[in-house]
Amino acid sequence: MVRTLNDAPGRHCRLAVRIAVVVIAACLLAFSPTLMALRVVVLGHVPASLPEQLAHLPASLDVSVLGYHADSTSARAALSTVPDIALVSAELADMSGFAFVRSLAPSERPTAVVFASAREEDAVQAFELQATDFVPVPMASSRLRDALARARQQVLQVALLRTADELQRLIGEANAS
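Residues numbered from 1 in each chain as written. Predicted model: local features only at pLDDT ≥ 70, side-chain atom pairs only at ≥ 80, totals over all residues. Heavy atoms only, no water.

A. Geometry of the overall build of the chain. The helix and strand tally for the chain stands at 6 helices and 5 strands. Along its sequence from the N terminus, the chain presents helices and strands in the succession α-β-α-β-α-β-α-β-α-β-α. Buried residues in the chain amount to 37% of all 177 residues. Partitioning the intrachain contacts of the chain with sequence separation of at least 6 by distance along the chain shows that 64% fall at a separation of at least 24. For the chain, the exposed area adds up to about 9,800 Å²; of that, 60% sits on carbon and sulfur atoms. (Helix = DSSP H or I, 4+ residues; strand = E, 2+ residues; numbered from the N terminus. Buried < 20%, exposed > 50% of the residue type's maximum accessible area, 1.4 Å probe, protein only. Contact = heavy atoms within 4.5 Å. Areas by Shrake-Rupley, 256 points an atom, 1.4 Å probe, with all protein chains shown as cover.)

B. The environment of Asp62, seen in detail. Secondary-structure assignment places Asp62 in the loop between helix H2 (50-55) and strand S2 (63-69). By relative accessible area, Asp62 is classed as partly exposed at 29%. Remark: the alpha-carbon pair of Asp62 and Arg152, spanning 90 residues in sequence, is separated by 9.4 Å.

C. Structural context of unusual backbone geometry. The omega angle of the peptide bond from Val137 to Pro138 is 5 degrees, so this bond is cis rather than trans. Of note, Pro138 is situated in the loop between strand S5 (133-136) and helix H6 (141-176). The phi angle at Val82 is positive, at roughly 55 degrees, despite the residue not being glycine. Note on placement: Val82 falls in the loop between helix H3 (72-79) and strand S3 (85-89). If you check the backbone angles, Gln130 has positive phi at about 60 degrees while not being a glycine. In this fold, Gln130 is placed in the loop between helix H5 (122-128) and S5.

D. Here's a closer look at the environment of Tyr68. Turning to its location among the elements, Tyr68 is positioned in strand S2. A relative accessible area of 38% means that Tyr68 is categorised as partly exposed. Spatially, the C-alpha atom of Tyr68 lies 9.0 Å from that of Val46, the residues being 22 residues apart in sequence. Sequence-distant contacts of Tyr68, defined by excluding residues within four places in its chain, comprise Val42, Val46, Leu50, Pro51 and Leu54.

What follows is the structure in structure tokens.
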């Protein structure tokens, strides 16, 4: 008797392999968070010292800056690269950073958004937009580091939730067959 790839034992074996891969991915995310580099885009008018501050962050944050974008058109294009974190100034060249984030569909938003502004009262708007954090300008390096650490935690939590959802879906598929 010749078995095909669509037979029940073959399907169960493929599902078991897929489940194992998802479980391994979850373990790697949970126990080795530094394996995942944070992809960051910087949007709007930022202090001249920010590139140097980002370059001197601890290696444990593993930040990879994908670029700096001053206006809403280039900022929107930058988000198509699917960054993990957007560090957004309260002011872009052609609009408010808050209006820009508000204009994004949920699917266009990075997992974490950190706002920066010289006006402390802008923190209210930032958190109304469900920002991960708000950093006052001028930026203290320690405050920037803490904000990005908080953003890293949020990115990892969302990745683990997506992995858990995929695992549940695969288990449901295995039980249904």
